[in-house]
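Structure at a glance
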Amino acid sequence: MAEGAVLLRGLFRADEPEIISALRAIVAQAPFRRMVTPGGHTMSVAMTNCGSKGWVTDISGYRYDVNDPESGRPWPALPPSFLDLARRAAEQGGFADFVPDACLINRYVPGAKMSLHQDKDELDLGAPIVSVSLGLPAVFMFGGLARSEKAKRYRLEHGDIAVWGGPARLAYHGVAPLADGEHPLMGRQRINLTFRKVQ
Ligand code: MD6
Ligand code: FE
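A brief report on the enclosed structure follows.

1. Some words on the overall build of the protein chain
Helix and strand counts for the protein chain stand at two helices and 13 strands. Each principal axis of the C-alpha distribution contributes one length, and for the protein chain these read about 40 × 40 × 35 Å. In the protein chain, 75% of the contacts between residues at least 6 apart in sequence involve partners at least 24 apart. Here the protein chain has roughly 9,100 Å² of accessible surface; of this, 54% comes from carbon and sulfur atoms. The average position of the 23 basic charges and that of the 21 acidic charges among the side chains of the protein chain differ by 5 Å.

2. Re the environment of Lys-120
Looking at the element boundaries, Lys-120 is found in the loop between strand S7 (114-117) and strand S8 (129-135). Sequence separation between Lys-120 and Val-198 is 78 residues; the distance between their C-alpha atoms is 9.9 Å.

3. A closer look at the sheet that holds strand S10 (residues 152-156)
Taken together, the four strands give an open sheet; going across it, the order is S7-S12-S9-S10, and neighbouring strands pair in antiparallel fashion. A single partner strand is all that each edge strand has here, and the edge strands are S7 and S10. Ignoring which end each strand starts from, the neighbouring axes of this sheet average 20° apart. Across five bridges, the pairing between strand S9 (residues 138-142) and S10 is antiparallel. Considered in S10, the bridge of Met-141 is made with Arg-153.

4. A closer look at the site of ligand 1
In the neighbourhood of ligand 1, 13 residues make up the surrounding shell, with Tyr-108, Asp-119, Ser-131, His-173 and Arg-190 lying closest. A distance of 2.5 Å separates an oxygen atom of ligand 1 from a polar atom in the side chain of Tyr-108. Taking Ser-131, its side chain carries an N or O atom lying 2.7 Å from an oxygen atom of ligand 1. Notes on ligand 1: free accessible area 350 Å², of which the protein chains cover 98%. Of all the elements in the fold, those that place two or more residues in the shell around ligand 1 are strand S6 (102-108), S8, strand S12 (173-175) and strand S13 (190-196).

5. What about the environment of Asp-97?
Inspection of the secondary structure assignment puts Asp-97 in the loop between helix H2 (80-92) and S6. Residues Asp-97 and Ser-115, 18 residues apart in the sequence, show an inter-C-alpha distance of 31 Å.

6. Topic: the sheet that holds strand S3 (residues 42-51)
Across the sheet, which stays open at both edges, the seven strands sit in the order S1-S11-S8-S13-S6-S3-S2 with antiparallel pairing between neighbours. Edge positions in the sheet fall to strand S1 (5-8) and strand S2 (33-36), since each has one partner strand and no second. Strand-to-strand twist across the sheet, computed as the mean angle between neighbouring axes with direction ignored, equals 30°. Judged from the six bridges that link them, S8 and S13 form a sheet pairing that is antiparallel. Bridging from a neighbouring strand, Ser-131 pairs with Thr-194 of S13. Those strands touched by helix H1 (residues 16-29) are S3, S6, S8 and S13, and its axis lies near 105° from that of S3.

Conventions and cut-offs
- Residues numbered from 1 in each chain as written.
- Chains lettered and ligands numbered in written order.
- Predicted model: local features only at pLDDT ≥ 70, side-chain atom pairs only at ≥ 80, totals over all residues.
- Heavy atoms only, no water.
- Helix = DSSP H or I, 4+ residues; strand = E, 2+ residues; numbered from the N terminus.
- Contact = heavy atoms within 4.5 Å.
- Areas by Shrake-Rupley, 256 points an atom, 1.4 Å probe, with all protein chains shown as cover.
- Lys, Arg positive; Asp, Glu negative; His and termini not counted.
- Charge placed at Lys NZ, Arg CZ, Asp CG, Glu CD.
- Pairing = 2+ DSSP bridges.
- Axes fitted to C-alpha atoms, helices over the stretch in contact; angles between N-to-C directions.
- Near = heavy atom within 4 Å.
- Polar contact = N/O pair within 3.5 Å; in protein donor to acceptor, adjacent residues only side chain to side chain.

Encoded structure:
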């Protein structure tokens, strides 16, 4: 997509059922919820997390929190199947030995979208982000380092993985409103796992 940002197609293998069942177990412990931005706007995308840190937003701002604010308990652990997939993808993308400590899980229903943003709440901007798509296809918008740069559009399907770091780490990006549909394994939704190294 750009220097430092690659799109890997169809990276699921025999691990696919394990990834999906691990995802279900996480969501049973830490359900999806729609968070409020500092501007007071409720996001159309519902979110949860796993790993030692979870990304949250509320009226007071964006942050990483060791606890789920809904339950007051730590986020579910990163499952070995997730870690394996993230490491394998990062390596194919040119980033060896990626060990994430956080995984933000986004859920899009038809019509949900993510406005153009930068991911800059992580302390370790040297590590890449690995972003895994499941379920319904989406249009990913990938711009430049300034919000005003025109974004390119890419179709992301179930099993596609974007690996993103180096000179692209702070590129603006977003997701266009999800088109309606029914995915054979995931139903009427798109789920995105973004693995980060926060600290
Ligand atoms: C999504 N992804 O695909 C939203 N951020 O649902 C992101 O915001 C994202 O895919 C940083 C790097 C890769 C991403
Ligand atoms: Fe992002």
